[in-house]
Amino acid sequence: MLNVGIIGCGSITVHRHAPEVFQNENLTLYGVYDPITAHAKAIVEKYSGKIYETVDELINDDNLDIIIVATPNKYHGPYSIAALNAGKHVLCEKPMAANLEEAKEMIEAAKKNDRKLMIGQNQRLIPAHIKAKQILDSKELGKILTFQTVFGHRGAERWSIAKSPSTWFFNKEEAIFGAMGDLGVHKADLVRWLVGEEFVKVSSFVSVRDKKYKSGDYINIDDNAVCILQSESGIVGTLAVSWTYYGGESNATIFNCEKGALWLFRDPEAPIKIKYADGSETTIKIGTISTNDKQVTSGVVDLLVDSILNDTKVLIDGYEGYKALEIIANCVKSAETGETIKF
Ligand SMILES: NC(=O)c1ccc[n+]([C@@H]2O[C@H](COP(=O)([O-])OP(=O)(O)OC[C@H]3O[C@@H](n4cnc5c(N)ncnc54)[C@H](O)[C@@H]3O)[C@@H](O)[C@H]2O)c1
């Protein structure tokens, strides 16, 4: 049995991490920490475990094998590095760090301590996305010419346990990135993985369009972004994210290829639709995708545990998290400077 400690008992722990730890027969939820004790208490009362008084007490508990970092983004780097240095395997939520330097330090800490580091970029584990990877890699649609990926919903304040605009998601000091860090990093990771190439050039508009604090002032972080990404072979696509899709959630990707188009979660009838150049169509009904209102198991916890027990490479490791962060950090830089960024 491996003992798990969770730092941060907000919505992602309530909906995914705690139930996924509980359901894994190799794991025991040993304890949790949250500065708001009521949040910690709700988790241990529903599942199991102790409540730590401080984060240091949790990180340094020799009984723990795995630590899940599910806090506001600002703390991902420092807590993950401390946990790795304390000899624990780490599952850290996305975006992995506040900046690329911190992300590199996390990767080095995992290497130095010979511990697994996994980043919660779970879009890759969705069955339709795994199938899409097989379709694209098989080249049955020819090469990818262009893509569009979009992730938008009604706003992080409705998801966060705070259920209010006072959420840390709307505070640049703790969130670092707004909708780009919440949603953009997921899609940056997904398209990079599906395309199978690095992105090397971005240009973007990242802005605050609508979200306000209770005071009526606009939030100090992005609620919308539209980005253009170019890969090393020249594939160009758009990535759009939003916290203001009040008409409904969108979590879709389309690849336009030489022999047709691959639609992922674009058609409500089927997770995958292939529209061939000759006008014929195929649908593939495989799995589903989480929405803010309906959660499905993400699989990240099981994947980390498999890689620990079998001592295999973590599928979504620190390097993968770094590359996704690199894309969104450069998009933000592009928006700030008004320039196209090459990296
Ligand atoms: N992988 C995904 O699909 C996914 C989805 C949602 C959120 N997330 C990520 O999960 C993380 C947590 O988000 P959430 O939705 O649970 O937010 P949330 O607002 O619902 O909860 C955050 C929790 O962290 C606690 N907290 C605040 N400061 C802390 C600290 N210093 N140490 C420990 N806990 C602290 C808060 O009290 C709260 O209980 C974020 O990084 C977010 O980006 C990932």
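The following refers to the structure shown. Computed from a predicted model, the values in this text were never measured in an experiment.

### Regarding the packing of helix α4 (residues 76-85) against helix α5 (residues 100-113)
Then comes step 1: Relative to each other, α4 and α5 sit at 10 degrees, their axes nearing to 9 Å. Between α4 and α5, the interaxial angle falls into the category roughly parallel. Contacts between α4 and α5 involve His76, Gly77, Pro78, Ser80, Ile81, Leu84 and Asn85 on the former and, on the latter, Glu102, Glu105, Met106, Ala109, Ala110, Lys112 and Asn113.
Then comes step 2: Split by residue class, the contact of α4 with α5 holds six nonpolar, five polar and three charged.

### Here we look at the nonpolar core
Then comes step 1: Core analysis: the biggest nonpolar cluster contains 104 residues, and Met96, Leu117, Leu229, Trp243, Phe255 and Leu262 have the highest contact counts within it.
Then comes step 2: Both domains that furnish three or more residues to this core are identified here as domain 1 (2-121 + 299-316) and domain 2 (123-293 + 323-342).
Then comes step 3: When near neighbours in sequence (up to four residues on either side) are disregarded, Leu117 contacts Leu84, Val90, Cys92, Met96, Met106, Ile107, Ala110, Val314, Ile316, Asp317 and Gly318.

### Considering the site of the ligand
Then comes step 1: Near the ligand, the surroundings consist of 29 residues, among which Asp34, His39, Trp159, Ser160 and Ile161 are the closest.
Then comes step 2: Take His76: an N or O atom from its side chain is 2.8 Å from an oxygen atom of the ligand.
Then comes step 3: Here an oxygen atom of the ligand sits 2.8 Å away from a polar atom, N or O, in the main chain of Ile161.
Then comes step 4: Taking 850 Å² as the accessible area of the ligand by itself, protein coverage stands at 92%.
Then comes step 5: Every element with two or more residues in the shell around the ligand is listed here: α1 (11-23) and α4.
Then comes step 6: When residues of the shell around the ligand are assigned to their parent elements, the largest contribution, three residues, is made by α1.
Then comes step 7: Looking at the shell around the ligand residue by residue, the classes come out as 14 nonpolar, eleven polar and four charged.
Then comes step 8: Two domains each put at least three residues into the shell around the ligand: domain 1 (2-121 + 299-316) and domain 2 (123-293 + 323-342).

### Notes on the packing of helix α9 (residues 179-195) against helix α11 (residues 318-337)
Then comes step 1: Closest axis-to-axis distance for the α9/α11 pair is 9 Å, and the angle between their directions is 120 degrees. In terms of orientation, α9 lies oblique with respect to α11. In this structure, α9 crosses over α11, and the sense of that crossing is right-handed. In this structure, α9 uses Met180, Gly181, Gly184, Val185, Ala188, Asp189 and Arg192 to contact α11, whose residues at the interface are Tyr319, Glu320, Lys323, Ala324, Leu325, Ile327, Ile328 and Cys331.

### Brief notes about the packing of aromatic side chains
Then comes step 1: Within this structure, the stated rule accounts for seven aromatic pairs.
Then comes step 2: Aromatic side chains Tyr75 and Tyr79 sit 5.6 Å apart centroid to centroid with 20 degrees between the ring planes, which places their arrangement in the stacked category.
Then comes step 3: Plain terms: the ring middles of Phe147 and Phe199 are 5.8 Å apart, the flat faces sit at 70 degrees to each other, and that makes the pair edge-to-face. With Phe147 in strand β7 (residues 144-152) and Phe199 in strand β8 (residues 199-207), this pair connects stretches of sequence that are 52 residues apart.
Then comes step 4: Judged by its relative accessible area of 3%, Phe147 is buried.
Then comes step 5: Among the aromatic residues, those joined into a cluster by ring pairs are Trp168, Phe169, Phe170 and Trp243.

About the thresholds
Residues numbered from 1 in each chain as written. Predicted model: local features only at pLDDT ≥ 70, side-chain atom pairs only at ≥ 80, totals over all residues. Heavy atoms only, no water. Axes fitted to C-alpha atoms, helices over the stretch in contact; angles between N-to-C directions. Helix = DSSP H or I, 4+ residues; strand = E, 2+ residues; numbered from the N terminus. Parallel < 35°, antiparallel > 145°, perpendicular 65-115°, else oblique. Contact = heavy atoms within 4.5 Å. Nonpolar A, V, L, I, M, F, W, Y, C, P; charged D, E, K, R; others polar. Core = buried A, V, L, I, M, F, W, Y, C linked by side-chain atoms within 4.5 Å. Buried < 20%, exposed > 50% of the residue type's maximum accessible area, 1.4 Å probe, protein only. Domains from an automatic or database assignment. Near = heavy atom within 4 Å. Polar contact = N/O pair within 3.5 Å; in protein donor to acceptor, adjacent residues only side chain to side chain. Areas by Shrake-Rupley, 256 points an atom, 1.4 Å probe, with all protein chains shown as cover. Left-handed = near helix turned anticlockwise from the far one by under 90°. Phe/Tyr/Trp six-rings, centres within 6.5 Å; stacked < 30°, edge-to-face > 60°.

Any functional reading would require information that these geometric values do not contain.
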